[in-house]
Amino acid sequence: MAVKVGIPRGMYFYKYYPFIKTFLTELGAEVVPSPETTREILDKGVLYCIDDACLPVKVFHGHAYTLRDKVDFILIPRLTSISKSEYICPKFGGLPEMVKYSVPDLPPLVDTEINLIKNQKGLAKALYKMAFLLKFKNPLLIGRSINTAIRAHNNFMAAVHEGNTPDCVIASVPRRQYKSKIRIGLVGHPYLLYDNFTNMDLIKKLRSRGAEITTPDMIDPHIINELCMELPKRMFWSSGKSLIGSALFIMDRRSFDGLLLLSAFGCGVDSLAGEYIEKQARMYYKKPYMVLNIDEHTGDASFNTRIEAFFDLLNRRNSDAANLSAHGRSIYSS
Ligand code: SF4
């Protein structure tokens, strides 16, 4: 019988699931993702995770709990770096221990470290280690599975660059055509942007108001890199770079009407990037910009009010652009 490997639907799930699913399936494992986030999953995450953690880490705990009696192993790699010379948030490094010692009755975790700080070779090394831990020992098969997984990842990214959101590509939902009157850039971490329960269906809400949405994953990463090269200091945090680079791309293009940052309450990377983006928006760009903060207590009603306020601002600027500043009062009002 095939070994069952559980994959919690949280953190970098919406970035790397097609890759890891293909790799494990090609090896001969059965992959079991946790279901989409629900109130129960969130509540279990809040129950088992430490209070100080950010919302995405809490949600992740809930997903691990959901898989506890369904699989032989749960995959929670220790992510240290996903790009050369860059680190990611330290919470990713501590995630295996956090989950292991907080969530009861879990099967063994596969917590192989993935560290690409020096070069991409670290990835193959980690994948061989992971395969060995799962008792797949044929190096030829592992090598072939890695190549197939890379192709699956490239196809996935190509579909996302065409404007499909990763959650829809993963679920094979065909792209729908929306009648869009406005174009909005929506930046944030993938685990906030595409978890539709946690973000209270934000993308659906924006689209239903006639907005076309562009997220960081839809923007060419080379462009994001180039824009970040112009920053006064080199960004060595991958997620901060993605937020700032995509925000600069969006603010700099006339085709975008406004920019939203979806941020997790208590996230250091978000508060730093958010502050920088806001300063840039105030000083150099004339585009409406708003931060939407979420945590486990955020209610639908207050969230909707913020979205409505943002659309009011967009509509007023589109009908009376010269009279309204992107922030606060009209510059011409008395
Ligand atoms: S980057 Fe922010 S939201 Fe993401 S895991 Fe770290 S603290 Fe949490």
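## Focus on the packing of aromatic side chains
- Under the counting rule described, the total for this entry stands at 11 aromatic pairs.
- Seen from their ring centres, phenylalanine 13 and tyrosine 17 are 4.4 Å apart, and the 20° between their planes marks the pair as stacked. Here phenylalanine 13 pairs with tyrosine 17, and both are found in helix 1 (residues 13-27), just four residues apart, close to one helical turn.
- Under the relative-accessibility criterion, phenylalanine 13 is labelled buried at 4%.
- Look at tyrosine 17 and you get buried, because its relative accessible area is 8%.
- Through successive ring pairs, a cluster of aromatic residues spans Tyr12, Tyr16, Phe92 and Tyr191.
- Positioned over the ring face of tyrosine 65 is arginine 68, at 3.9 Å from the centre of the ring.
- Positioned above the aromatic ring of phenylalanine 311 is the side chain of arginine 209, whose terminal nitrogen or guanidinium carbon lies 5.8 Å from the ring centre.

## Describing the pairing of strand 2 (residues 30-33)
- With four bridges joining them, strand 1 (residues 4-7) and strand 2 adopt parallel strand pairing. Residue pairing across strands places isoleucine 7 opposite proline 33, the latter belonging to strand 2.
- Handedness of the crossover joining strand 1 and strand 2 through helix 1 is recorded here as right-handed.

## Quick word on the site of the ligand
- Neighbouring the ligand are the residues Met11, Cys54, Pro56, Cys89, Lys91, His189, Tyr191, Cys267 and Val269.
- Split into classes, the residues belonging to the shell around the ligand amount to seven nonpolar, one polar and one charged.
- Here the shell around the ligand spans two domains, since at least three of its residues come from each of domain 1 (4-161) and domain 2 (176-323).

## Some thoughts on the sheet that holds strand 3 (residues 73-75)
- The strand order across the open sheet built from four strands is 2-1-3-5, with neighbouring strands paired in parallel fashion. Of all the strands in the sheet, the pair left with one neighbour each is strand 2 and strand 5 (109-110).
- In this sheet, strand 5 lies alongside strand 3 in parallel orientation, the contact comprising two bridges. Bridged to leucine 75 within strand 5 is valine 110.

## Structural notes on the confidence of the model for the chain
- Residue-level pLDDT values for the chain average 92, and 95% of them are 70 or greater.
- Contacts from residues 328-334, a stretch scored under 50 in pLDDT, to residues over four places away or in other chains number eight contacts.

## So, the nonpolar core
- Residues Ile20, Phe23, Leu24, Leu186, Leu206 and Leu262 are the most contacted members of the largest nonpolar core, which totals 103 residues.
- The two domains that each donate at least three residues to this core are domain 1 (4-161) and domain 2 (176-323).
- Excluding residues that lie within four positions of it along the chain, leucine 24 makes contacts with Val5, Ile7, Ala29, Val31, Leu75 and Leu134.

## Remarks on the domain arrangement of the chain
- Per the domain assignment, the segments making up the chain are domain 1 (4-161) and domain 2 (176-323).
- Contacts between the two partners involve 26 residues from domain 1, matched on the other side by 24 residues from domain 2.
- Buried area between domain 1 and domain 2, both sides added, is near 2200 Å², and the carbon and sulfur share of it is 62%.
- Joining domain 1 to domain 2, the criterion identifies three salt bridges.
- Where lysine 241 meets glutamate 86, a salt bridge forms, and the shortest distance between an N and an O atom there is 2.3 Å.
- Our count for the domain 1 to domain 2 interface comes out at nine residue pairs in polar contact (both at pLDDT 80 or more).
- If you list the elements that add at least two residues to the side of domain 1 that touches domain 2, you get helix 1, helix 2 (39-48), helix 3 (55-67), helix 4 (90-102) and helix 6 (139-161).
- The biggest single contributor to the side of domain 1 that touches domain 2 is helix 3, with four residues.
- A breakdown of the residues in the side of domain 1 that touches domain 2 according to their chemical character gives 17 nonpolar, five polar and four charged.

## Brief notes about unusual backbone geometry
- Positive phi, normally seen in glycine, also occurs at methionine 11, with a value near 50°.
- Topologically, methionine 11 is positioned in the loop between strand 1 and helix 1.
- In this structure, aspartate 105 is a non-glycine residue whose phi angle is positive, near 60°.
- For aspartate 105, a relative accessible area of 66% puts it in the exposed group.

Parameters at a glance
- Residues numbered from 1 in each chain as written.
- Predicted model: local features only at pLDDT ≥ 70, side-chain atom pairs only at ≥ 80, totals over all residues.
- Heavy atoms only, no water.
- Phe/Tyr/Trp six-rings, centres within 6.5 Å; stacked < 30°, edge-to-face > 60°.
- Helix = DSSP H or I, 4+ residues; strand = E, 2+ residues; numbered from the N terminus.
- Buried < 20%, exposed > 50% of the residue type's maximum accessible area, 1.4 Å probe, protein only.
- Lys NZ or Arg CZ within 6 Å of the ring centre and 35° of its normal.
- Pairing = 2+ DSSP bridges.
- Right-handed = clockwise from strand over helix to strand, strands pointing away.
- Near = heavy atom within 4 Å.
- Nonpolar A, V, L, I, M, F, W, Y, C, P; charged D, E, K, R; others polar.
- Domains from an automatic or database assignment.
- pLDDT = per-residue confidence, 0-100.
- Contact = heavy atoms within 4.5 Å.
- Core = buried A, V, L, I, M, F, W, Y, C linked by side-chain atoms within 4.5 Å.
- Buried area = accessible area lost by both parts, 1.4 Å probe.
- Salt bridge = Lys/Arg side-chain N within 4 Å of Asp/Glu carboxyl O.
- Polar contact = N/O pair within 3.5 Å; in protein donor to acceptor, adjacent residues only side chain to side chain.

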